[in-house]
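Close look at the chain arrangement
The lines below spell out each chain.
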Amino acid sequence: MILKIEKIGLSLEVEDELLNKLLEIGKTHYPKEFGGFLIGYYSENNMHLHITDTILPKKYQASKYNFERSTKGIENELVEFYAENLRKIYIGEWHTHPDNSPIPSATDISAINTIINSKKTSIANPVLLIIGCSNTTVDFGFYVWFENKLYKYE
Amino acid sequence: MDKNKHLESVISTHQITKEKTLFDKYVKKKNEVKEALEENYGSDLYYPFNSGSYAKNTAINTKFDFDLVSPFKRNAFGSNGTLKEMYEDVYYFLYEKYKDVAEVKKQKVSIGLEFYADSDGDVIKIDVVPGRELSQDQYREDENLNLYVYYKYGNIDAGSERIKTNVKAQINNIKDRATAEKDSIRKIIRLLKVWKNTKYIYPTKSFFLELITIKAFDSKSITGSIWDKLETVLQYIRDNVTKESFTQKDPGNSSNDLADTLTSTEKQQLSDDMKNMLERIEENDENLKTYFPENTKFKKEDTNNNQYGKNSGMPIPPPKLNFG
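Residues numbered from 1 in each chain as written. Chains lettered and ligands numbered in written order. Predicted model: local features only at pLDDT ≥ 70, side-chain atom pairs only at ≥ 80, totals over all residues. Heavy atoms only, no water.

For chain B, the name recorded in an unreviewed UniProt entry is Nucleotidyltransferase, with Belliella aquatica as its organism.

As recorded in an unreviewed UniProt entry, chain A goes by JAB domain-containing protein and comes from Belliella aquatica.

Below, the discussion takes up empty space enclosed by the protein. All names here are of chain B. Summed over the entire model, instances satisfying the criterion amount to two cavities of 30 Å³ or more. Here the second largest cavity is characterised by a volume of approximately 30 Å³. Taken together, Val10, Ile11, His14, Ile60, Arg190, Leu191 and Val194 form the lining of the second largest cavity. Going through the elements one at a time, helix H1 (3-13) and helix H7 (182-196) are the ones with two or more residues in the lining of the second largest cavity. It is H7 that contributes the most residues to the lining of the second largest cavity, three residues altogether. Along the lines of polarity and charge, the residues of the lining of the second largest cavity split into five nonpolar, one polar and one charged. (1 Å grid on protein atoms, 1.4 Å probe; cavity = no way out; pocket = protein on both sides within 12 Å on 5 of 7 lines; lining within 4 Å. Points joined across faces, edges and corners; volume = space filled by probe spheres on them. Helix = DSSP H or I, 4+ residues; strand = E, 2+ residues; numbered from the N terminus. Nonpolar A, V, L, I, M, F, W, Y, C, P; charged D, E, K, R; others polar.)

Before going further, it helps to examine the packing of H7 of chain B against helix H8 (residues 206-219) of chain B. Residue and element names in this part refer to chain B. Interhelical geometry of H7 versus H8 gives an angle of 140° and a closest axis separation of 10 Å. The way H7 lies across H8 gives a crossing that is right-handed. The residues of H8 that touch H7, namely those facing Ser184, Ile185, Ile188, Ile189, Leu192, Lys193, Trp195 and Lys196, are Ser206, Leu209, Glu210, Thr213, Ile214 and Phe217. When the residues that make up the contact of H7 with H8 are grouped by side-chain class, the tally is eight nonpolar, three polar and three charged. (Axes fitted to C-alpha atoms, helices over the stretch in contact; angles between N-to-C directions. Left-handed = near helix turned anticlockwise from the far one by under 90°. Contact = heavy atoms within 4.5 Å.)

Facing 33 residues of chain B, the contacting portion of chain A comprises 56 residues. Approximately 3700 Å² of surface area, both sides summed, lies buried where chain B meets chain A, with 55% of it carried by carbon and sulfur atoms. If you list the elements that add at least two residues to the side of chain B that touches chain A, you get H1, helix H9 (226-240) and strand S10 (320-323) of chain B. For the side of chain B that touches chain A, the leading source of residues is S10 of chain B, giving four residues. Note that strand S6 (residues 67-70) of chain A and S10 of chain B share four bridges and pair antiparallel. Within S10 of chain B, the residue paired with Phe67 of chain A across the bridge is Phe323 of chain B. (Buried area = accessible area lost by both parts, 1.4 Å probe. Pairing = 2+ DSSP bridges.)

Take the pattern of salt bridges next. Residues and elements named next belong to chain B. Counted under the stated rule, the structure contains 31 salt bridges over all chains. With its nearest N and O atoms 2.8 Å apart, the salt bridge here joins Glu181 to Arg177. A residue is classified by how much of its surface remains accessible, and Glu181, at 26% relative accessible area, is partly exposed. Note on Arg177: relative accessible area 21%, which makes it partly exposed. For Glu210, the salt bridge is made with Lys193, and the minimal N-O distance between the two is 2.8 Å. Separated by 17 residues along the polypeptide, Glu210 in helix H8 and Lys193 in helix H7 bring together distant segments of the chain. Lys193 carries the same exposure label as Glu210, and that label is buried. (Salt bridge = Lys/Arg side-chain N within 4 Å of Asp/Glu carboxyl O. Buried < 20%, exposed > 50% of the residue type's maximum accessible area, 1.4 Å probe, protein only.)

All names here are of chain B. With 20 residues, helix H10 (residues 264-283) extends 28 Å from end C-alpha to end C-alpha; this agrees with the ideal 28 Å at 1.5 Å per step. Those residues of H10 lying buried are Lys267, Leu270, Ser271, Asp273, Met274, Met277, Leu278 and Ile281. In an axial view of H10, the angular spread of the buried residues amounts to 150°, which keeps them on one side of the axis. In H10, those exposed residues whose orientation departs by more than 90 degrees from the buried face are Ser264, Thr265 and Glu283. For H10, the elements touching its buried residues are H1, H7, H8, H9 and helix H11 (288-291). (Expected span 1.5 Å × (residues − 1). Arc of directions from axis to C-beta.)

This brings us to the sheet that holds S6 of chain A. With antiparallel pairing, the three strands of this open sheet are ordered in space as S5(A)-S6(A)-S10(B). Of all the strands in the sheet, the pair left with one neighbour each is strand S5 (60-62) of chain A together with S10 of chain B. Looking at each pair of strands side by side, their axes are set apart by 10° on average, direction ignored.

We now examine helix H1 (residues 16-29) of chain A. An α-helix turns once per 3.6 residues; consequently, residues spaced three or four apart project the same way. Residue and element names in this part refer to chain A. Taking 1.5 Å per residue, 14 residues should reach 20 Å; H1 reaches 20 Å between its end C-alpha atoms and fits that length. Of all the positions in H1, only Leu18, Leu19, Leu22, Leu23, Ile25 and Gly26 are classed as buried. Taken end-on, H1 shows its buried residues confined to a sector of 165°, consistent with a single buried face. Summarising the contacts, the buried residues of H1 are in contact with strand S2 (10-14), strand S3 (35-42), strand S4 (48-55), strand S7 (89-98), strand S8 (127-133) and strand S9 (138-146).

To continue, consider the pairing of S4 of chain A. Residues and elements named next belong to chain A. Most of S4 sits out of view: six of its eight residues are buried. As defined by bridge partners, S2 adjoins S4 across four bridges and the pair is classed as parallel. Counted as the bridge partner of Ser11 is His48 from S4. In this structure, S3 lies alongside S4, joined through six bridges in antiparallel fashion. Each bridged residue has a counterpart across the sheet, and for Tyr42 the counterpart in S4 is Leu49.

Structure, rendered in structure tokens:
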């Protein structure tokens, strides 16, 4: 699917297959939260983002309302994606909100701020995907941090 | 060039909702023709219906296909009446009725009405497809019809052949798949129609392109971006349409092979066109714009130049992050 933020003109594309995969992984951890790293690449004009893959954390702690992941053990995967022709890179994070809507919490906003303030991370516009899911419903919320504000893709 | 972005723009600028006024004119004209047929043929005619691309959810706004299928009763033209007589009768009726306001043409299985441009310069085209039930009252049961072939249609000879089919089954087959798989089948069909529309006259019918697209999706796993999917379908057509063993089953009658609606020369032309297109796009992305042009009438210029921030080197995620 292709999503856009009309107001700022940025768009992203993500395959249904990847979304289904993230949802299935998220469901196996239900009712606890779970998440991972989003991998993708920007178009030549840097106005379009294509999210292609995920890396799952090897180390994490989770409860129904909290998810903490570590980067330990994912370094090689990051390097492998970067070595591909399209130079796929870390572009953001995803996590689930079990039995809840895909709206960013204060902790999520704080995490985004940590990303943009991390010198090693060097991405100015991290993307956040939240999957709100229950036994019967699913809702995806994609957000990007742009000029000190979080925008939702529609 | 971002091929996916371009193709998405091609699809969005060809959305039928963008030409609402023209579309409404088509619907109005189609209803007028339908009412004229009903008034003239009375109880000899079942309910005429639209079988064009709008009915199948695969329409584009640069060419509205409005095909008005007119199902006649078996004895509408006498118990010994032929399909040819049916076709000629409908032609003469439409000719007399519309000769002053439209060009009325005999076509492969239909009669084409091309209304002269109105004050806005819009030309409305409606194709009337006369069909007759196989035996008295049988249409109510199974909706099968015999169509008359006015002139040579691929390998189907003029006059000597009749096509037995179920138009409603044809519509539903395509509509169901195009609606259920709107990010894949529907988009690829619309793109192929945009390509076909770049050619003045092309022997391959849109109906054939719709069905071969569905067949491609059924024959192999087609995934990835919109360009990945389009490329795979183009390759499928290139590699398969000329094969001796290639068949294209009519969803309205499994005994009909729609591959017969193209001669071997026309199939070769289709395959060669796919080959050339793939090679030219491979040489230069920009050629995609020639084969699949946006509808410039509805092209929105980007009003801002915002970009995702450029990164230098490989970004490393922060070692620990907490989400709630």
